[in-house]
Amino acid sequence: MLKPYKGQLGVSAELYFSPEQLKQRHVQSGKIKFYDANGLYGTVVVDVINSRVK
């Protein structure tokens, strides 16, 4: 159960990518969705960029 603290919610996410994906600048994009008893609570959009690739 996630509990807010001072209006914020701490979340940790671990992401795995293949070596081929890491050779690209735009590695991956996706969404993390949070649900409560009433349905969708919120959505976080994640774009993973490899800034070392030109």
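That block above? That's the structure.
Residues numbered from 1 in each chain as written. Predicted model: local features only at pLDDT ≥ 70, side-chain atom pairs only at ≥ 80, totals over all residues. Heavy atoms only, no water.

## Considerations on the overall build of the protein
Turning to step 1, where the next piece is worked out: Summing up its helical and strand segments, the protein has zero helices and two strands in all.
Turning to step 2, where the next piece is worked out: Scaling as 2.2 N^0.38, a compact globule of 54 residues should have a C-alpha radius of gyration of about 10 Å, whereas the protein reaches 15 Å, well beyond that.
Turning to step 3, where the next piece is worked out: Burial analysis of the protein (54 residues in total) assigns 9% to the buried set.
Turning to step 4, where the next piece is worked out: Residue pairs at least 24 apart in sequence account for 24% of intrachain contacts in the protein once pairs closer than 6 positions are excluded.
Turning to step 5, where the next piece is worked out: Element-wise, carbon and sulfur atoms account for 53% of the exposed surface of the protein, whose accessible area totals about 5200 Å².
Turning to step 6, where the next piece is worked out: Averaging the locations of the 8 positively and 4 negatively charged side chains of the protein gives two centres separated by 7 Å. (Helix = DSSP H or I, 4+ residues; strand = E, 2+ residues; numbered from the N terminus. Rg over C-alpha atoms; globule rule 2.2 N^0.38 Å. Buried < 20%, exposed > 50% of the residue type's maximum accessible area, 1.4 Å probe, protein only. Contact = heavy atoms within 4.5 Å. Areas by Shrake-Rupley, 256 points an atom, 1.4 Å probe, with all protein chains shown as cover. Lys, Arg positive; Asp, Glu negative; His and termini not counted. Charge placed at Lys NZ, Arg CZ, Asp CG, Glu CD.)

## Examining the pattern of salt bridges
Oppositely charged side chains may form a pair once their charged atoms are brought near each other.
Turning to step 1, where the next piece is worked out: Scanning the entire structure with this criterion turns up one salt bridge.
Turning to step 2, where the next piece is worked out: For Glu 20, the salt bridge identified is with Lys 23, shortest N-O distance 3.2 Å. Grouping residues by exposure puts Glu 20 and Lys 23 together as exposed. (Salt bridge = Lys/Arg side-chain N within 4 Å of Asp/Glu carboxyl O.)

## Thoughts on the pairing of strand β1 (residues 26-36)
Turning to step 1, where the next piece is worked out: Sheet analysis places β1 next to strand β2 (residues 39-49), joined by 10 bridges and oriented antiparallel. Bridge pairing in β2 places Tyr 35 opposite Leu 40. (Pairing = 2+ DSSP bridges.)

## A few points about the environment of Arg 52
Turning to step 1, where the next piece is worked out: Within the secondary structure layout, Arg 52 lies in the segment after β2.
Turning to step 2, where the next piece is worked out: The sequence separation of Arg 52 and Lys 3 amounts to 49 residues, and the corresponding C-alpha distance is 36 Å.

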